[in-house]
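Residues per chain, in single letters:
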2 protein chains.
Amino acid sequence: MGITKSQIFTSRQNELAQLFKILGHPARIAILQYISKQDSCICNDLVEEIGLAQATISQHLKELKTIGLLKGEIEGKKMCYCLDVDQWNSIQKELNTFFNTTKINCCS
Amino acid sequence: MGITKSQIFTSRQNELAQLFKILGHPARIAILQYISKQDSCICNDLVEEIGLAQATISQHLKELKTIGLLKGEIEGKKMCYCLDVDQWNSIQKELNTFFNTTKINCCS
DNA sequence: ATTTATTATCGTAATATTGCAATATTATAA
DNA sequence: TTATAATATTGCAATATTACGATAATAAAT
């Protein structure tokens, strides 16, 4: 029926999947990469740089905010979107924990 | 229009997003975790353990195979699904590279 | 050969995601 | 106050994903 049956999984499994899912779009990867190498990180720059409509970029930014990867500060009539480095490190750590605790293989 | 515009991104961005995307479902997380802690890793066990229909589990296993995380060996009329540890490590490394090269922040 | 057990595939319904135009909101500039 | 500029939100169309029943395919057992 197309709906993910979240209720049959643990909250940790759902949260982990949520992190992976939000990172699972090339536009969001591109946004993160662009922000990380710029001195300024204005939404309008992203529209030109990435080539998606302003509404679409805004939506992707919103999703990245839901997992705390980005924080936006108002600078006059512009927005400065920044990586939240603490959250970034924390997510990297969480994903590594998943990889390290899951790699034991039954057939090797 | 709802279709991801893959053509405007680099192949590296698309590949990275693809990895994240496939890991971005709780059923696939659960499958990986279950396989990693069992002595045997039979598809039918997963159906009972996870509580999704057999067709659905089979589909998720197929997706995990597309990024090489799982390999399946035929054992009589059963299938033994195993983690490909090399690929597992390789993907972990790739994701860490992404995290390490992207964390520089413009506003901090 | 027939049955049984296991997994894969097909078809389809329900829901989610992606993308954009139009519009709303917010803040500066004139 | 009225533009102007930047970003957010809404509404909608197109496509993708998720899930499952039905069925096919495969291999062992009888």
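Residues numbered from 1 in each chain as written. Chains lettered and ligands numbered in written order. Predicted model: local features only at pLDDT ≥ 70, side-chain atom pairs only at ≥ 80, totals over all residues. Heavy atoms only, no water.

In the annotation of an unreviewed UniProt entry, the entry for chain A reads ArsR family transcriptional regulator, and the organism field reads Aquimarina brevivitae.

1. Thoughts on the relation of the copies chain A and chain B
As a reminder, the rule being used: The fit set for superposing copies consists of C-alpha atoms from residues with pLDDT of at least 70 in both; the fit itself is least squares. Throughout, a residue-residue contact means that at least one pair of heavy atoms, one from each residue, lies within 4.5 Å.
Each copy superposes on the other: chain A lies on chain B with an RMSD of 0.1 Å after a rotation of 180 degrees and an axial shift of 0.0 Å. Here the transformation between the copies is reduced to the relation of a two-fold axis. Of the interface residues in chain A, 100% have counterparts in chain B that sit at the interface too, so the contact is made through matching surfaces.

2. Considerations on the pattern of salt bridges
Residue and element names in this part refer to chain A. Test applied: When a carboxyl oxygen of Asp or Glu lies within 4 Å of a side-chain nitrogen of Lys or Arg, that pair is called a salt bridge. What counts as a helix is a DSSP run of H or I of at least four residues, what counts as a strand is a run of E of at least two, and both are numbered from the N terminus.
Applying the stated criterion across every chain, the model contains 4 salt bridges over all chains. For Arg-12, the salt bridge is made with Glu-94, and the minimal N-O distance between the two is 3.5 Å. In this pair, Arg-12 is assigned in helix H1 (residues 11-23) and Glu-94 in helix H5 (residues 85-102), connecting sequence segments 82 residues apart. Here Arg-28 and Glu-63 are joined by a salt bridge, their closest N and O atoms 3.1 Å apart.

3. Description of the packing of H1(A) against helix H2 (residues 26-37) of chain B
The line we're drawing: Interaxial angles span 0 to 180 degrees and are taken between N-to-C directions of axes, which are lines fitted to C-alpha atoms, for helices over the stretch in contact. A crossing counts as left-handed when the near helix is turned anticlockwise from the far one by less than a right angle, and as right-handed when that turn is clockwise. In this classification, the charged set is Asp, Glu, Lys and Arg, the nonpolar set is Ala, Val, Leu, Ile, Met, Phe, Trp, Tyr, Cys and Pro, and all remaining amino acids, among them Gly, are polar.
Where H1(A) contacts H2(B), the axes come no closer than 8 Å and their chain directions differ by 115 degrees. Along this stretch, H1(A) crosses H2(B), giving a crossing that reads as right-handed. For the pair H1(A) and H2(B), contact is made by A:Gln13, A:Asn14, A:Leu16, A:Ala17 and A:Phe20 and by B:Pro26, B:Ile29, B:Ala30 and B:Gln33, respectively. Partitioned by chemical class, the residues of the contact of H1(A) with H2(B) number 6 nonpolar, 3 polar and no charged.

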